[in-house]
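Residues per chain are reported as follows:
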Amino acid sequence: MPPPLAGLRALDLTDALGYLCGRLLADLGVEVIKVEPPGGDAGRALPPRYRAPDGRERGLYWHATNAGKLGVTLALEHAEAPRVLADLAARVDFVLDSFPPDSAAARLVATVAAARPALVHTSVTPFGDRPPGRALHGDDIVVAAMGGSMYLCGDEDRPPLRLPPWQAFCHAGAEAAVGTLLAHLARRRSGRGQHVVVNAQAAMVWTLMNAQAFPVFHGDYLRRSGPFVGSRGVRRRMVFACADGHVSLLLMGGQGSPSTRALMDWMDVHGMLPAWLRAWPWEQWEPGWAMEASPAAQAEMVRIEEAVGVFLRTRTKAEVYREGVRRRILVAPVATVADIAADPQLAFREYFRPVDDATLGRTVRYSGR
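Sequence order sets the numbering: in each chain, residues are counted from 1 along the sequence as written. With the structure being a predicted model, the display of local features is reserved for residues of pLDDT at least 70 and the display and counting of side-chain atom pairs for 80 or more, all residues being used for whole-chain, interface and lining totals. No hydrogens and no water enter the side-chain calculation; it runs on all heavy atoms of the structure.

Asks: Which residues make up the state of the cysteines, and what values do they have?
Replies: In this description, a disulfide is simply a cysteine sulfur pair whose atoms lie within 2.5 Å. Enumeration according to the criterion identifies 0 disulfides in this entry. Cys170 carries a free sulfur, and the closest cysteine sulfur to it, the one in Cys21, is 12 Å from it. For every residue, the accessible area obtained with a 1.4 Å probe (protein chains only) is divided by the maximum for its type, and the residue is called buried under 20%, exposed over 50%, and partly exposed between those limits. Assessed through its relative accessible area of 19%, Cys170 is described here as buried.

Here it is, written out as structure tokens:
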């Protein structure tokens, strides 16, 4: 069966801010043509990098987010660029760019796209195309900071932490892909294209889950809490150490009490369930309790978490995950890169494929297509 978007084409003029948009479209079957300036994208050198046999360092982010694309070289400042770009745009269904909204390149692409009313034109920007953010530039760390995620990352007694490099750009690229697909769906019904504008800062805000609602609903805001989650007056541990790493586990009451009771039963099988926990009223710990608990209730939670932590430190990540699935406990191992490379589910789905890499001179395992 062909991929869902087979037969469609996209012209990709994005830089690091929008690479992932074209990559996701390529994964769906779109023939994506990556346009690079003479000498190649500056993003080819972004870290992390590996050293090729020829001694040159090559960026892994560029390779990961541009896999599956074709390539063409075009200098947009050249006198013939408008004609060439218009000729290319006449052969595609999507045009993707991430130029600053007030730049000459952005105006050129907008003019070319406007000449084809059925074209879906997607622009990925740091802060949108309206004032005051229209004129602002932003790197990945800037978008992560101004999107709110950095404030919530890290331990409470230390400064904010950035997400791993290019995560903010990846969120923007993913939102751009979704917006592009929605515009394509509307085009199939109306025959008309659209200009999709993605605001990377807004894309980061959307990743904060419930944090942005706290000032409105609770008169307060979430703070950095390391391995804990919670709000005013309550801290619940969400990352526990185990014998060979860490697992993510949240002790819950109310509707989540069956998962917690299953964990207590597993501890009991191994003789590690304290007597005082056997008849604990988990059903009474409704979600509302977790929004603002008394000091006594918080002390109870810390005592329970310590007992659970003692038990988990006697089990490996694999065992916790296996028993969690069998006993229907809401738990997940905190996977390392090595864990991901050896993951049986990804192997079954053939997520990693052997590819003959001429640059490296050997066969390597790449993710995706």
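On we go.
Asks: Residue-level account of the side chain of Asp97, with values.
Replies: A helix here means a DSSP run of H or I that spans at least four residues, while a strand means a run of E at least two residues long, and both kinds are numbered starting from the N terminus. Among the structural elements, Asp97 can be located in strand E6 (residues 94-97). Only four residue types enter the charge count: Lys and Arg as positive, Asp and Glu as negative, with His and the chain ends excluded. Salt bridges, as used here, are contacts in which a Lys or Arg side-chain nitrogen is within 4 Å of a carboxyl oxygen on Asp or Glu. One buried charge, Asp97, has no salt-bridge partner; the nearest side chain with opposite charge is Arg134, at 10 Å. Side-chain atoms alone can form a polar contact between residues adjacent in sequence; in general such a contact is a pair of N or O atoms within 3.5 Å, and within protein one must be able to donate a hydrogen while the other accepts it. One polar contact links the side chain of Asp97 to the main-chain amide nitrogen of Phe99, over a distance of 3.0 Å. Among the polar contacts listed, one links the side chain of Asp97 to the side chain of Ser123, at a separation of 2.8 Å. Whether two residues are in contact is decided by their heavy atoms, any of which lying within 4.5 Å being enough. Setting aside residues no more than four positions away along its own chain, Asp97 makes contact with Leu13, Thr14, Val109, His121, Thr122, Ser123 and Val124.

Asks: Give me the sheet that holds strand E13 (residues 331-333): which residues, what numbers.
Replies: Strands are treated as partners if at least two bridges between them are detected by DSSP. With antiparallel pairing, 3 strands are arranged side by side in an open sheet as E11-E12-E13. At either margin of the open sheet sits one strand with a lone partner, and together these are strand E11 (239-242) and E13. The mean angle between the axes of side-by-side strands here comes to 30°, regardless of whether they run parallel or antiparallel. Where helix H12 (residues 317-327) meets the sheet, it contacts E11, strand E12 (245-249) and E13, and its direction lies at approximately 150° from that of E13. Only the contacting stretch of a helix is used when fitting its axis, a line to C-alpha atoms as for every element, and angles between N-to-C directions run 0 to 180 degrees.

Asks: Tell me about H12, and please be specific about residues and values.
Replies: Buried residues of H12: Lys317, Glu319, Val320, Glu323 and Gly324, and no others. Summarising the axial view, the buried residues of H12 lie within an arc of 160°, below the 170-degree limit, and thus occupy one face. Projecting away from the buried face of H12 at angles above 90 degrees are the exposed residues Arg322, Val325 and Arg326. For H12, the secondary structure elements touched by its buried residues are E11, E12, helix H10 (257-269), helix H11 (295-312), E13 and helix H13 (337-341). In this description, the arc belongs to the directions extending from the helix axis to the C-beta atoms.

Asks: Lay out the pattern of salt bridges with the relevant residues and their values.
Replies: Counted under the stated rule, the structure contains 15 salt bridges. Measuring nitrogen to oxygen at the nearest pair gives 2.7 Å for the salt bridge that ties Arg83 to Glu80. Each of Glu323, Arg326 and Arg327 takes part in one network of salt bridges that share partners.

Asks: I'd love a proper account of the packing of aromatic side chains, names of residues and values included.
Replies: Ring pairs are drawn from Phe, Tyr and Trp, using the six-membered ring of Trp, whenever the two centres fall within 6.5 Å, and their geometry is named by plane angle: stacked under 30 degrees, edge-to-face over 60, tilted for the rest. What the rule picks out here adds up to 6 aromatic pairs. On the numbers, 4.9 Å between centres and 85° between planes, the contact of Trp266 with Phe311 is edge-to-face. Of this pair, Trp266 sits in helix H10 while Phe311 sits in helix H11, placing them 45 residues apart in sequence. In terms of burial, Trp266 and Phe311 fall into one category: buried. What links up through ring pairs into an aromatic cluster is the set Tyr19, Tyr61, Trp166 and Phe169. Here, a charge over a ring is recorded when the distance from Lys NZ or Arg CZ to the ring centre is within 6 Å and its angle to the ring normal is within 35 degrees. Cation over ring: Arg44 sits above Trp62, and NZ or CZ is 3.8 Å from the ring centre.

Asks: Kindly report on empty space enclosed by the protein, identifying the contributing residues and their values.
Replies: Cavity means a closed set of points on a 1 Å grid over the protein atoms alone, one where a 1.4 Å probe fits but cannot get out, pocket means an open set with protein on both sides within 12 Å along at least 5 of 7 lines, and lining means a residue has an atom within 4 Å of a point. Grid points are joined across faces, edges and corners, and a volume is the space filled by probe spheres set on the points. In this structure the tally under the stated criterion is 1 cavity of 30 Å³ or more. Lining the largest cavity are Leu11, Leu13, Leu85, Ala89, Val95, Val109, Val112, Ala113 and Leu119. The element that contributes the greatest number of residues to the lining of the largest cavity is helix H4 (residues 104-114), accounting for 3 residues. Side-chain classes are defined by residue name, with Ala, Val, Leu, Ile, Met, Phe, Trp, Tyr, Cys and Pro counting as nonpolar, Asp, Glu, Lys and Arg as charged, and the others, Gly among them, as polar. Per-class residue counts for the lining of the largest cavity are 9 nonpolar, no polar and no charged.

Asks: Can you tell me about the side chain of Glu323, naming the residues and giving the values?
Replies: Relative to the helices and strands, Glu323 is located in helix H12. A relative accessible area of 12% means that Glu323 is categorised as buried. A polar contact is formed between the side chain of Glu323 and the side chain of Arg326, at a distance of 3.0 Å. Ignoring anything within four residues of it in the chain, the contact list for Glu323 reads Trp266, Arg328 and Ile329.

Asks: For the packing of helix H1 (residues 19-27) against helix H7 (residues 167-190), give the residues involved together with the corresponding values.
Replies: Two numbers describe how H1 lies on H7: the axes approach to 7 Å, and their chain directions differ by 50°. When the axis of H1 is compared with that of H7, the two are oblique. When the axes of H1 and H7 are compared, the crossing they make is right-handed. Only Cys170, Gly173, Ala174, Ala176, Ala177, Thr180 and Leu181 of H7 make contact with H1, whose side of the interface consists of Leu20, Cys21, Leu24 and Leu25. Its residues assigned to classes, the contact of H1 with H7 comprises 9 nonpolar, 2 polar and no charged. To sort the angles, those under 35 degrees are grouped as roughly parallel, those over 145 as roughly antiparallel, those from 65 to 115 as roughly perpendicular, and the leftovers as oblique. By convention the crossing between two helices is left-handed if the near helix lies anticlockwise of the far one by an angle smaller than a right angle, and right-handed if it lies clockwise.

Asks: So what about the nonpolar core? Which residues, and what values?
Replies: Buried Ala, Val, Leu, Ile, Met, Phe, Trp, Tyr and Cys residues that are joined via side-chain atoms within 4.5 Å together make up what is termed a nonpolar core. Of all hydrophobic cores here, the largest spans 34 residues; its most connected members are Leu25, Val30, Tyr61, Phe94 and Phe169. Breaking this core down by element, the ones donating at least two residues are H1, helix H2 (60-66), E6, strand E7 (120-125), helix H5 (140-146), H7, strand E8 (195-199) and helix H8 (200-205). For Tyr61, the contacting residues outside a window of four places in its chain are Ala16, Tyr19, Leu46, Pro47, Pro48, Trp166, Phe169 and Cys170. Counting residues in hydrophobic clusters, the runner-up holds 24 residues, among them Phe240, Trp282, Ile304 and Val308.

Asks: Before we move on, could you go through H4 and cite the residues and values that matter?
Replies: Looking only at H4, the buried set comprises Ala105, Ala106, Leu108, Val109, Val112 and Ala113. Seen along its axis, H4 keeps its buried residues to an arc of 160°; they face one direction. Opposite its buried face, H4 presents the exposed residues Ala104, Thr111 and Ala114, each directed more than 90 degrees away. In this fold, the buried residues of H4 make contact with helix H3 (81-89), E6 and E7.

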